[in-house]
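Each chain, letter by letter, is given below.
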Amino acid sequence: MLEAARSSVNTLLPIWFTRLLRRAPRLWGRHALVATLASHGPAKPPPESIASGLLLIAADDVAAALARLGSSASGLSAQEAAARLSRDGPNEVAHEKPLPGWLHLWHCYQNPFNLLLTALAVISWLSADAKATVVIGAMVLLSTLIRFVQEGRSHRASQSLKAMVSNRATVLRGLSQPVDIPTSGLVRGDVITLSAGDMVPADCRILAACDLFMAQAAMTGEPLPVEKFAEHQPSGDSALDQNNLVFMGTSVVSGSATALVVATGSKTYFGTLASHVIATDEAPNAFQAGINSVSWLLIRFAMVMVPIVLLVNGFTKGNWLEAFLFALSVAVGLTPEMLPMIVTTTLAKGAVLLSRKKVIVKRLDAIQNFGAMDVLCTDKTGTLTQDKIAIERHTDVLGHPSEEVLAFAFLNSHYQTGLKNLLDHAILDHVELQAELKLEQDYRKVDEIPFDFERRRMSVVVSERDEHHELICKGALEEVIAVCTHVRFADGPGSREEPLDAARLARVQQVTQALNQEGLRVIAVAMKETPPDQTIYSVADENQLTLIGYIAFLDPPKDSAAPAIKALLDHGVTVKVLTGDNGAVAAHVCGQVGLSTKQVLLGSEVESMSDAALAIAASQYQVFAKLTPLHKERIVQALRAHGHVVGFMGDGINDAPALHAADIGISVDSAVDIAKEAADIILLEKSLLVLVEGVIEGRTTFINMLKYIRMTASSNFGNVFSVLVASAFLPFLPMLPLQLLLQNLLYDISQIGIPFDHVDAELVKRPLTWNPGGIGRFMIFFGPISSLFDIVTFALMWWVFHANSASGQSLFQSGWFVVGLLTQTLIVHMIRTSKLPFIESRAAPLLMAMTLTIMAVGIWLPMGPLATYFKLSPLPLAYFAWLGGILISYGLLTTAMKRFYIRRYGWQ
């Protein structure tokens, strides 16, 4: 965090850039606030009225709570819900409102560069230099207005992007079946259902719960899940301590519940914290830190060189006021005032282009991390595979077809109230309607034991014609076998149960391994009879089960998976698969799409590794199987510790920790709420090919920002060096302050097209990261080239055109004005590509048009009617022949230096 250091000037720029990115269009609502809450520890208490209202609801019994809010067990009617929505407003936190236009314009003006220019304008005005004041004011106005217009467009685009991805809630509205609505449509008195993976959309009072465990660390700081109940059990004075309340922004770890909405929007516990959270400064992330370091490189350079220019001119010319004004003009020239506009426009343009490729950017500065990513960790199901799981076989323990196993699996999937995964849907879809109706008639649900990622199984208890109870357990093979003591054989006219000893266990493993090697995903089904008078069950009841068979699923790889993995590898991104699935199945599928499966690292091995050992193993292996959520998180952290920029793509509850841990979290629109909240990027299409396009666009965005930074750094270095040489040897100023300011203004205008420029395919082949040291080196190599030709221009004007006295001062200054402007404008075309400019690689039409326009204006100014105003003189025709030679030589020498630089250091 940036508390203590803020008192010094050295933190001014980082603070500004941090705020700049926070003010950039927010493409998501609660995500940023939840993350900030988590980073700041337990939440502060809400206002007394809100806390007391929550405590009253918590103390009510279910009937009283419903009556207090004018609702019922079946929820509100559609008409009543609409009336309340109109009265109370949408269920949204207030921070989503855009800034008023005047305030947005003020924010666009407020940055260190504009403030510095404003101070220089004031000094020029006080010095009676009205012309310089006008030019500096025009520069400030240009920078501010362009940024204002671009951010306005970005915000409008972000609103349309945000509408493409939204969280939804399942609500009862007096209908026989629950309906899904956007969370913004919830009102007080609504009755909603919650299941594993859901983000709680409002503050709610639990009406009914089944093994409901909540993650509310963002609110309380408690790292472990907290169990919630419908019955009120007094447990403290704070609303957060109540065991029957759940809060907006927390998430369901496991279990299910029906809940009554008691507060929405800004009136929630979460909503009361929004203003506090937004006002709290955050530490810069990797992107902001990179921008900060580069900006401070330019600022420090100016802070060193401007006083030197002042002293040299003051001592050599004797006119300290004139020297002071000239030094101020040099300071303006060294100020990268267009950087905020370039950053904002480039990032916003990248976000909009990515949206057209079905990639939604929730946080603008995540685009750079997208381009920097060199390792992508992804789940297997739905990413590498078709995400169309179908039952291939349903067998007994010996591998023979069994309808009984399918029937028990159906009962388990049908009666569970938690999050139904693809396997559950495949089972439900496989059973014919007639058989489904018969099973529903014969069996009644008694209780359930929800799934969690520790046990990796779930159970339901049913009553068959109210005669006896049967506990049916379904889940991962090893975890189900772990609670089995018997096995059922159906190899004759009847069936028999025998103890699950070592020999029979080996037979079971032989059958299931054969299925895995065919690429089939296998889950086990087990059961036991329980006493008919038992009505409440827990995990402790999952014991002494009888293994009855398996369900084998087929999820073939996508046709696009192998080409996408190859394309990512060609662009420097290594793909690693992190799955909770069986190692044999993972290896089979990964092998089909071209990943190395010689070695598969299992979760049990990850568990026993130290962090150092895991960092090495994570870099070596490509396939990781049988992982828990914490294993995935550890692997991502290990890769980051090894120096990689890691992306993680996931859509399940078990992916949320890894999504948080990654440099860039990637999820899909169909993901569970908690995964979408944790992600930085949302894909509207679950495909690695979409990611390839996203990576390329991210790198394109980064390179266009780098063009401006490189150009500004090298031009500034060359200009100051030229000024120092001229100041030391000339009897007059090499350029008047007004002329220097005008040159800088025209140069700024020419750069407006950079965010829209093309990027060579070769430049996006490798991951890109910030390298301030490389930028400093680039400045030293390329800056002196412009100085060399400035000195040639000085010699030309002095000896060839005899502008070597006070009477020829205007001609001298006009000659350098034109050469300096044209070489500065031309440099972007020299350094925008590693190829031969204009021939092998051409700039985008907008950038080319801006360049030609400004060059034409620069030549016209000394020759036109405004020359007198800016104290310029018409240039002789012979000058233009020399000008052509200087520009061609400048281009050739820069190209030669570029080839040398590429051979020695590479272009990035």
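Small disclaimer: the values here were computed from a predicted structure and weren't measured.

Student: Outline helix 13 (residues 339–356), listing residues and values.
Tutor: In a regular helix each residue adds 1.5 Å, so 18 residues correspond to 26 Å; helix 13 covers 26 Å between its end C-alpha atoms and thus fits that length. Counting buried residues in helix 13 gives 15 out of 18 residues, a clear majority hidden from the surface. Just downstream of helix 13 lies K358, where phi reads positive at about 70 degrees.

Student: Can you lay out the confidence of the model for the protein chain for me, pointing to particular residues and giving the numbers?
Tutor: Of the residues in the protein chain, 86% have a pLDDT of 70 or more, and the chain-wide mean is 82. Looking at the elements of the protein chain, mean pLDDT is at its lowest for helix 1 (residues 12–23), recorded as 36, and at its highest for helix 31 (residues 845–863), recorded as 95. Overall, residues 1–44 carries pLDDT values under 50, and its contacts beyond four positions in sequence, including any with other chains, amount to 114 contacts. Segment residues 275–283: pLDDT under 50, and 20 contacts once partners within four positions in sequence are set aside and those in other chains are kept.

Student: Requested: an account of the side chain of R488, with residues and values cited.
Tutor: Mapped onto the fold, R488 is located in strand 14 (residues 484–489). Within the structure, the side chain of R488 is placed 3.1 Å from the side chain of E497, a separation counted as a polar contact. Once residues within four sequence positions are removed from consideration, R488 is found in contact with V397, E404, F408, S495, R496, E497, M527, T546, L547 and I548.

Student: Quick one: what's the story with the pattern of salt bridges, residue by residue and with numbers?
Tutor: Following the criterion strictly, the structure yields 27 salt bridges and no others. Two residues, R457 and E542, come together in a salt bridge whose shortest N-O distance is 2.9 Å. Linking R457 in strand 12 (residues 457–464) with E542 in the loop between strand 16 (520–530) and strand 17 (545–554), this pair joins segments that are 85 residues apart in sequence. E542 shares its class with R457; the two are buried.

Student: Describe in detail a nonpolar patch on the surface, supporting the description with residues and values.
Tutor: Side chains of V134, W860, L866 and Y869 sit close together on the surface and give an oily, nonpolar patch of about 380 Å² of accessible area. If you trace the backbone, Y869 turns up in the loop between helix 31 and helix 32 (877–905). Using a relative accessible area of 37% as the deciding quantity, one classes Y869 as partly exposed.

Student: So, the packing of helix 27 (residues 688–729) against helix 29 (residues 772–800): which residues are in play, and what are the values?
Tutor: Close contact between helix 27 and helix 29 brings their axes to 7 Å; oriented N to C, the two are set at 45 degrees. Accordingly, the angle class assigned to the pair helix 27 and helix 29 is oblique. Crossing of helix 27 over helix 29 shows right-handed handedness. On the side of helix 27, the interface is formed by L706, I709, R710, A713, S714, F717, G718, N719, F721, S722, V725 and A726, while helix 29 contributes I775, F778, M779, F782, G783, P784, S786, S787, D790, I791 and F794. Looking at the contact of helix 27 with helix 29, its residues break down into 14 nonpolar, seven polar and two charged.

Student: How would you sum up the sheet that holds strand 19 (residues 600–602)? Please name residues and give values.
Tutor: Taking strand neighbours across the sheet as the criterion, the eight strands line up as 8-23-22-21-9-18-20-19 in an open arrangement whose pairing is mixed. Either end of the sheet is taken by a strand with one partner, and the two such strands are strand 8 (359–361) and strand 19. The mean inter-strand angle of the sheet, taken between neighbouring strand axes irrespective of direction, is 20 degrees. Two elements, strand 9 (residues 375–378) and strand 21 (residues 646–649), share four bridges in a ladder whose sense is parallel. Across the sheet, residue C377 finds its bridge partner in strand 21, namely F648. Packed onto the sheet, helix 21 (residues 583–592) meets strand 18 (574–578), strand 19 and strand 20 (623–625) and runs at close to 150 degrees relative to strand 20.

Student: Now, about the environment of Q416: what can you tell me, with residues and values included?
Tutor: Tracing the backbone through its elements, the reader meets Q416 in the loop between helix 15 (403–415) and helix 16 (422–430). We classify Q416 as buried; its relative accessible area is 6%. A sequence separation of 31 residues divides Q416 from D447, and the C-alpha atoms of the two residues are 8.9 Å apart. Apart from residues lying up to four places away in sequence, Q416 is in contact with D424, E448, M458 and V460. A polar contact is formed between the side chain of Q416 and the side chain of D424, at a distance of 2.8 Å.

Student: If you had to explain the pairing of strand 12 to someone new, which residues and values would you point to?
Tutor: Buried residues dominate strand 12, accounting for eight of its eight residues. On strand 12, burial covers both faces: R457, S459, V461 and S463 on one face and M458, V460, V462 and E464 on the other are all buried. Note that strand 11 (residues 443–452) and strand 12 share seven bridges and pair antiparallel. Within strand 12, the position partnered with E448 by the bridge is V460. Across eight bridges, strand 12 lies against strand 13 (residues 468–476) in antiparallel orientation. Directly across from V460, in strand 13, lies its bridge partner I472.

Procedures and definitions
Residues numbered from 1 in each chain as written. Predicted model: local features only at pLDDT ≥ 70, side-chain atom pairs only at ≥ 80, totals over all residues. Heavy atoms only, no water. Helix = DSSP H or I, 4+ residues; strand = E, 2+ residues; numbered from the N terminus. Expected span 1.5 Å × (residues − 1). Buried < 20%, exposed > 50% of the residue type's maximum accessible area, 1.4 Å probe, protein only. pLDDT = per-residue confidence, 0-100. Contact = heavy atoms within 4.5 Å. Polar contact = N/O pair within 3.5 Å; in protein donor to acceptor, adjacent residues only side chain to side chain. Salt bridge = Lys/Arg side-chain N within 4 Å of Asp/Glu carboxyl O. Patch = residues over 30% accessible without salt bridge, like charges linked within 9 Å, V, L, I, M, F, W, Y side chains within 5 Å. Areas by Shrake-Rupley, 256 points an atom, 1.4 Å probe, with all protein chains shown as cover. Axes fitted to C-alpha atoms, helices over the stretch in contact; angles between N-to-C directions. Parallel < 35°, antiparallel > 145°, perpendicular 65-115°, else oblique. Left-handed = near helix turned anticlockwise from the far one by under 90°. Nonpolar A, V, L, I, M, F, W, Y, C, P; charged D, E, K, R; others polar. Pairing = 2+ DSSP bridges.

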